[in-house]
Every structure is written in C-alpha cells, then in structure tokens.
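# Remarks on the overall topology
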Amino acid sequence: LDFMKITAEVLASFKPAKVFNQNQNVINSMDFSADGSLLITASDDESMQIYNTENGVFERTLYSKKYGVDLIRFTHAPNTVICASKNNWDETIRYLSIHDNRYLRYFKGHRDRVVSLNMCPVNDTFISGSLDGTVRLWDLRTTNCQGILRMRHEASSFIGHSVAASFDPSGMIMAVAMGKNTMKLYDTRMYDKGPFSTFNLQHESDLYWYNMQFCNDGKLVLLTTQEGIIVVDSYHGNLVRHIPMHSDYPLEASFTPDGQFILCGTSNGIVNVWGSTSGKLTAVWRSETSHPGPVGRVLFNPQKMMAASACSQVAFWLPDM
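What this report covers is the structure whose coordinates are included nearby. (Residues numbered from 1 in each chain as written. Predicted model: local features only at pLDDT ≥ 70, side-chain atom pairs only at ≥ 80, totals over all residues. Heavy atoms only, no water.)

## Re the pairing of strand E27 (residues 281–285)
A regular strand carries its side chains on alternate faces of the sheet. Of the strand pairs in this sheet, strand E26 (residues 271–275) and E27 are connected by 4 bridges, and their pairing is antiparallel. Its bridge partner being in E27, Val271 is matched across the sheet by Trp285. Between E26 and the antiparallel strand that follows it, E27, lie 5 residues; Gly279 among them carries a positive phi value of about 70°. (Pairing = 2+ DSSP bridges. Helix = DSSP H or I, 4+ residues; strand = E, 2+ residues; numbered from the N terminus.)

See below:
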C-alpha cells in the first residue's frame with residue numbers, strides 16, 4: 001500500500017486533496033476497483049460517476065434513468081460492476097459493463113428492495129439480501145439464482161426487516177445479520193445445511209443493519225446500525241466494541257485495508273476514524289468545503305494511501321506529512 005504504513009499519525013494528517021461536485025442528489029453507494037485505480041459512485045439522481053484515482057480526476061457519467069441505481073460494486077474486472085435498482089417497482093440486480101454502458105445480465109428473484117449486495121473476494125459469486133426476508137447467492141456467469149436462504153429465527157420470519165450479508169476474505173464463509181439482532185455464519189459450499197454458528201448480538205433495541213464488512217484477516221466483523229458501529233469477533237460472536245452514534249441518516253462505516261481502523265462519516269459533514277478494537281477516536285477529518293451534507297459513505301482505497309468520502313459531493317483525502 002504505497003510503501004507507507006497506515007498509522008494513527010498518518011491518518012491524523014489526512015486532508016482533502018480534491019472535491020468533486022458532479023451530483024444533483026445524495027450518493028447512496030460507492031466502490032473502488034480491486035486495483036484501486038478507479039472509484040465509482042451511484043447517486044439518487046440516477047447517475048453513476050467514475051473517478052480516476054491515479055491522477056485524481058473525474059472521468060465520466062453513466063445513467064440508469066429507468067431503474068435508478070444503488071449498492072454499486074465492482075466485480076473482479078475493472079470495467080464491470082453489479083448494482084441494485086432504486087425505484088419502487090423493480091428488484092432486479094444488474095451486471096453492467098461500464099466500458100460501453102451496456103447491461104450484460106439481469107438477476108431476478110427478489111420480491112422487495114435489495115438492501116445488501118457484496119461480491120465474493122475470490123470468485124464470480126455474489127450475495128444479495130432483501131427486505132423480502134431472503135438472502136440469495138448468484139454467479140455472474142448465469143442468470144439463475146444459485147441458492148436461497150430464508151431469513152427465519154425460531155418462529156419469526158423477517159420479511160420487511162433489514163438484512164446485511166457478506167463474505168469473509170477467504171470466500172469460504174458467508175455471514176448474514178438479520179432481525180432479532182441475530183447473526184448467522186454459513187459454509188459457502190454447504191449453506192443448505194444451515195448455519196454452523198448463530199450469534200445473538202446483545203443489544204437493548206432491535207438493530208437495523210446498514211452494512212457489514214469483514215476485516216482483512218477475517219477475525220472481526222463490522223456492522224453499522226442506527227445505534228452506531230458494532231464490532232464483533234467472527235469466531236465467537238463476542239462484542240469487541242460498540243461505538244455509539246445516533247443518526248437518522250444511514251451512515252456506513254468501513255475498515256482500513258489492514259483492519260486496524262474504522263472510518264465513518266457523520267450527519268454534520270465530518271469523518272471520524274477510530275481504532276478497530278480500542279474504539280479510540282484516532283482522527284477527525286473535517287473540511288468546510290468538502291461536505292455540506294451528511295457523509296453517508298467513506299472508503300479507504302484497497303491499494304493506495306487515500307480515502308474517499310461522499311455526501312452529494314465526493315472528497316479524496318490524502319496524507320499531508
């Protein structure tokens with residue numbers, strides 16, 4: 001990663017290097033390509049914006065006027081993405097070539113809004129979770145759904161409840177957070193046998209999941225909720241850290257590539273950086289010009305010493321050392 005180690009001191013030095021104002025509405029999702037050279041954002045204005053991180057420039061806009069766009073994710077190729085629809089009549093997941101703005105495949109099956117979408121880190125499978133109470137497994141190479149998990153726990157079904165689903169870094173384990181503060185882990189090759197672990201995340205209120213991410217060694221899982229950030233150990237489900245944040249705006253936290261720190265925006269335009277296990281506030285990134293609105297999305301580049309944050313504007317952050 002740029003031969004510089006991610007430390008508290010380096011993170012405290014981050015300053016906004018570029019601010020882009022390409023959108024008319026809030027950015028609902030974004031992702032870096034695997035090699036870190038591109039950032040793609042999706043907005044509630046039905047557009048996707050592509051940025052080049054090598055030279056810090058905005059490259060181009062793609063539109064999804066008919067369906068809207070949400071939960072945008074790069075595949076393992078830097079010229080294709082998957083995304084969910086954002087409208088109230090269609091729940092199809094789309095596989096898109098950003099090279100020529102052409103849909104390559106449609107993945108149909110969910111009956112309500114898709115709220116979680118993540119690629120497997122090691123192959124062409126991906127996982128989606130929906131308010132229809134199911135999590136589905138897919139493969140980019142075929143439109144047929146590869147597997148379906150119905151979200152139930154004891155007698156309750158979780159139709160209408162948020163769900164977050166992701167893979168661990170090895171791609172061998174799928175984790176699903178669902179209603180009743182329950183998290184289940186499945187073996188990717190034998191998910192139809194049911195979960196091999198079920199954790200109950202002790203919390204006084206019913207948590208609504210915004211996103212989930214494993215850290216780089218798979219030992220920690222980060223969950224962002226309406227009550228703040230929860231870090232659990234993936235082996236026993238023990239609570240490692242709860243970082244309280246109260247925001248009506250759905251904020252999504254993320255790990256730095258080394259898993260040592262957590263980044264999350266705030267509803268007042270600031271980005272906070274905490275130690276993953278200590279929960280200690282390590283850095284506060286603020287800039288009057290970068291974010292007039294709530295910073296819903298913050299991501300660290302997987303290959304470069306830089307981060308991106310988004311409200312309706314996008315800011316690139318670099319160390320100033």
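Picking up where we left off.
## Some remarks on the pairing of strand E6 (residues 70–74)
Along E6, 5 of the 5 residues are buried, which leaves the element largely enclosed by surrounding structure. Here E6 pairs with strand E7 (residues 80–84) via 3 bridges, running antiparallel. Looking across to E7, one finds that Asp70 is bridged to Ala84. As consecutive antiparallel partners, E6 and E7 are separated by 5 residues. (Buried < 20%, exposed > 50% of the residue type's maximum accessible area, 1.4 Å probe, protein only.)

## Comments concerning the environment of Lys193
Tracing the chain through its elements places Lys193 in the loop between strand E18 (182–187) and strand E19 (197–200). On the accessibility criterion, Lys193 (66% relative accessible area) is exposed. Each C-alpha atom, one on Lys193 and one on Glu46, is 39 Å from the other, the two residues being 147 residues apart in sequence.

## Re the sheet that holds strand E17 (residues 173–178)
Reading across the sheet, the 4 strands line up as E16-E17-E18-E19 and stay open at both edges, with antiparallel pairing between neighbours. Pairing within the sheet leaves two strands with one partner each, and these edge strands are strand E16 (164–167) and E19. Taken over all neighbouring pairs, the strand axes of this sheet differ in orientation by 15° on average, direction set aside. (Axes fitted to C-alpha atoms, helices over the stretch in contact; angles between N-to-C directions.)

## As for the sheet that holds strand E28 (residues 297–300)
Spatially, the 4 strands line up as an open sheet ordered E1-E30-E29-E28, and their pairing is antiparallel. Every interior strand has two partners, whereas the edge strands, strand E1 (14–20) and E28, have only one. Between one strand axis and the next, the sheet turns by 20° as a mean value, whatever way the strands run. Summarising the sheet, strand E29 (residues 307–310) and strand E30 (residues 314–319) pair through 4 bridges and their orientation is antiparallel. Bridging across to E30, Ala310 finds its partner in Val314.

## A closer look at the state of the cysteines
Under the criterion given, the structure shown has 0 disulfides. We note that Cys120 lacks a disulfide partner, and the nearest cysteine sulfur, in Cys145, lies 15 Å from it. Accessibility expressed as a relative area gives 1% for Cys120, which makes it buried. Unpaired in this structure, Cys311 has its nearest cysteine sulfur neighbour in Cys264, at a distance of 14 Å. (Disulfide = S-S within 2.5 Å.)

## Some thoughts on the side chain of Thr92
Tracing the chain through its elements places Thr92 in the loop between E7 and strand E8 (93–97). For Thr92, the side chain forms a polar contact with the side chain of Lys108, separated by 3.3 Å. Those residues in contact with Thr92 that sit more than four places away from it in its chain are Cys83, Ala84, Ser85, Tyr106, Phe107 and Lys108. (Polar contact = N/O pair within 3.5 Å; in protein donor to acceptor, adjacent residues only side chain to side chain. Contact = heavy atoms within 4.5 Å.)

## A closer look at the pattern of salt bridges
For the structure shown, the criterion picks out 9 salt bridges. With a shortest N-O distance of 3.1 Å, Arg94 and Asp90 are connected by a salt bridge. The residues Arg94 and Asp90 share a single accessibility class, namely buried. Two residues, Arg189 and Asp187, come together in a salt bridge whose shortest N-O distance is 3.0 Å. For Arg189, a relative accessible area of 60% corresponds to the exposed category. For Asp187, a relative accessible area of 15% puts it in the buried group. Taken together, the shared-partner salt bridges in this structure form one network comprising Asp44, Asp70 and Lys86. (Salt bridge = Lys/Arg side-chain N within 4 Å of Asp/Glu carboxyl O.)

## With respect to the packing of aromatic side chains
Tallied over the entire structure, the rule returns 13 aromatic pairs. Here the aromatic rings of Tyr67 and Tyr103 are separated by 6.4 Å at their centres, their planes lie at 80°, and the arrangement is edge-to-face. Of this pair, Tyr67 sits in the loop between strand E5 (57–63) and E6 while Tyr103 sits in strand E9 (residues 102–107), placing them 36 residues apart in sequence. The buried category is assigned to Tyr67, whose relative accessible area is 14%. When its relative accessible area of 24% is taken as the criterion, Tyr103 is described as partly exposed. In this structure an aromatic cluster arises from ring pairing among Phe14, Trp285, Phe300 and Trp317. Lying over the aromatic face of Tyr103, Arg94 brings its terminal NZ or CZ to 5.7 Å of the ring centre. (Phe/Tyr/Trp six-rings, centres within 6.5 Å; stacked < 30°, edge-to-face > 60°. Lys NZ or Arg CZ within 6 Å of the ring centre and 35° of its normal.)

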